[in-house]
Amino acid sequence: MSPASTGASATLDAVTPVPSSDSATDSRMAPGGPGYHRMSLALFLAGVATFALLYSTQALLPLISGEFGVAASEASWTVAAATGGLALFVLPMSALSERFGRRTVMTASLTVAVGVGLLVPFAPSIGALVVLRAVQGAALAGLPASATAYLAEEVRPKALVTAIGLFVAGNSVGGMSGRVITGWVAQEWGWRVAVGVIGAVAVACAVAFRLLLPAPRHFSAGSLRPRVLLGTVRGHLADPLLRRLYAIGALFMTVFGGVYTVIGYRLTEAPFSLPQGIVGSIFLVYLVGTVSASTAGRLVGRLGRRGALYLAGGTTAAGLLLSLAPSLPLVLLGLVLITAGFFAGHAVASSAVSRTAEHGRAQASALYQSAYYIGSSAGSTVGAMAFHAGGWAGTVGVGVLAVLGVVTITVLGSRAARVTARREPVPAH
């Protein structure tokens, strides 16, 4: 597809050159090849730091509500502000990565985010805490889109889904470890010490990331001209497949953001009345997400992209309905299914964006990440409001509607693909 046909500038096509896919001449990284394991570990650690910082207050919301005397819907803004900041700044940060390089922007983003993370424990009020979290989220915006663009440029196409799945797996480990650590630390020393510990862990991840990540070999600097950026964005938004993938990412994250923002309140209240440390340990179910994300490539290979999305959506919906049971084991099983379905769906959709975009991959990934984190902010806020109005059933209702949206969009995509296939001319023999 030419730049003219997508509405994008030819300048951006030069930003992300695609070497020959022939294995004998392709110099990009592949499993078992030079630098691949270092790259995988570096981006895994970046994923750990990103989710640990981004959701560092989520498991602590009942304690934050208690200290500042605010309701769940107000405390949830400490999560929504961070994800909202990321959603707003991910596109500008992706443009910076086109000009200054993926590794440079990712390093700068982590540096600022961990610096703010060390200030968060000293927030004097709920307002100050929300502002610091918004700044932290904006800083983290340089990670997701730049990471997927780096992978699209530096990793061979056949290994791309697996490589992105490992990055997403790092997200799941970061989300899990952050919540488990904060839960137990907060039980003994309070939420402020807990988020300080997460900041220290993120510092270690950031240092290791910078030391391990191989220098890019297939990056070419692009232009920061607004006209070029806007042309690329318009081209991506004009692509029906990319639009569907953006919506799917937002809807999956609406489910996930709502469930994990509210679950702490549900489990600390009757009939469960669990202590904070145990509530934090509930997030060990993120390990399931680590597995489902890292195996997304094989899932797509067996079922195709749409089949994998149907399976992910169905698994998530089953988990939501199961979590309504007044039984702790069934609630935990429901969380396992929700987590497995979400991370599989996210890995499939995000990798499809990277493979679909033929130019300006950082912007294509940035638009996905923006939609994804808008979904997180919406899920956190609406899920908390639904919980306040109708209890856990209200939060589950929001999640089920979002999953129905995923299924509907995937069905429409399947129909559109069949129509397109019928219209394509049959090649002459």
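Computed from a predicted structure; not experimentally measured. (Residues numbered from 1 in each chain as written. Predicted model: local features only at pLDDT ≥ 70, side-chain atom pairs only at ≥ 80, totals over all residues. Heavy atoms only, no water.)

A.B. asks: Mind showing me how you'd approach the packing of aromatic side chains here?
C.D. replies: The geometry of an aromatic ring pair is captured by two quantities: the separation of the ring centres and the angle between the planes. Following the criterion strictly, the structure yields ten aromatic pairs and no others. Ring geometry for Phe256 against Phe342: centres 4.0 Å apart, planes inclined by 10 degrees, an arrangement best described as stacked. Placement of the pair is Phe256 in helix 13 (residues 240–268) and Phe342 in helix 17 (residues 328–356), with a sequence separation of 86 residues. Take Phe256: its relative accessible area is 2%, and that puts it in the buried class. Note on Phe342: relative accessible area 1%, which makes it buried. (Phe/Tyr/Trp six-rings, centres within 6.5 Å; stacked < 30°, edge-to-face > 60°. Helix = DSSP H or I, 4+ residues; strand = E, 2+ residues; numbered from the N terminus. Buried < 20%, exposed > 50% of the residue type's maximum accessible area, 1.4 Å probe, protein only.)

A.B. asks: Would you mind showing me how to read unusual backbone geometry here?
C.D. replies: Most peptide bonds adopt trans geometry, and most residues besides glycine take a negative phi value. The amide bond that connects Ala270 to the next residue, Pro271, takes the cis arrangement and shows omega of 10 degrees. Structurally, the position occupied by Pro271 is in the loop between helix 13 and helix 14 (276–281). A positive phi is found at Ser273, a non-glycine position, where the angle reads about 50 degrees. Inspection of the secondary structure puts Ser273 in the loop between helix 13 and helix 14. Given the relative accessible area of 47%, Ser273 is considered partly exposed.

A.B. asks: Which parts of the structure should I look at to understand the confidence of the model for the protein chain?
C.D. replies: Fine structural detail should not be taken from predicted coordinates in areas where pLDDT scores are low. On average, residues of the protein chain carry a pLDDT of 84, and 90% of them reach 70 or more. Mean pLDDT across the elements of the protein chain bottoms out in helix 2 (residues 10–13) (29) and peaks in helix 8 (residues 126–140) (96). In the model, residues 1–22 has pLDDT below 50 throughout and makes 47 contacts with residues more than four positions away in sequence or in other chains. (pLDDT = per-residue confidence, 0-100. Contact = heavy atoms within 4.5 Å.)

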